[in-house]
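Here is what each chain is made of, one letter per residue.
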Amino acid sequence: MAHTTIKVEDTVRDRLAILAAEKGTSIAQLVSDFAAHTPTKEERAERTARTLAILREMSGYVPSPEQDCEADAELARRLGGGA
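Residues numbered from 1 in each chain as written. Predicted model: local features only at pLDDT ≥ 70, side-chain atom pairs only at ≥ 80, totals over all residues. Heavy atoms only, no water.

Asks: Go over the pattern of salt bridges, please, and point to the residues and values.
Replies: One pass over the full model with this rule turns up four salt bridges. Between Asp10 and Arg13 there is a salt bridge whose closest N-O contact spans 3.5 Å. Of this pair, Asp10 and Arg13 both sit in helix α1 (residues 10–23), three residues apart, which is roughly one turn of that helix. The closest approach of N and O atoms between Arg77 and Glu74, which form a salt bridge, is 2.6 Å. Of this pair, Arg77 and Glu74 both sit in helix α4 (residues 65–78), separated by three residues, roughly a single helical turn. Relative accessible area serves as the criterion here: at 30%, Glu74 is assigned to the partly exposed category. Overlapping salt bridges bring together Asp10, Arg13 and Asp14 as one network. (Salt bridge = Lys/Arg side-chain N within 4 Å of Asp/Glu carboxyl O. Helix = DSSP H or I, 4+ residues; strand = E, 2+ residues; numbered from the N terminus. Buried < 20%, exposed > 50% of the residue type's maximum accessible area, 1.4 Å probe, protein only.)

Structure, rendered in structure tokens:
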């Protein structure tokens, strides 16, 4: 397997080292796990489309664009402002 170097600020490297140590792993494995388990924007959109299709099929519910925006805003609020 090929390896590469990622340049980050010292404070980021130090934090990654702490997080990795707490999990009993390496920084490389921590970053690898993050990349493997964090969906891309396209993957999130696909999941959303599948979820809405199931919701429609099972309940007949089709949220309006306004309801989508309200739900997004509520989720962002619950997650601390970031979505």
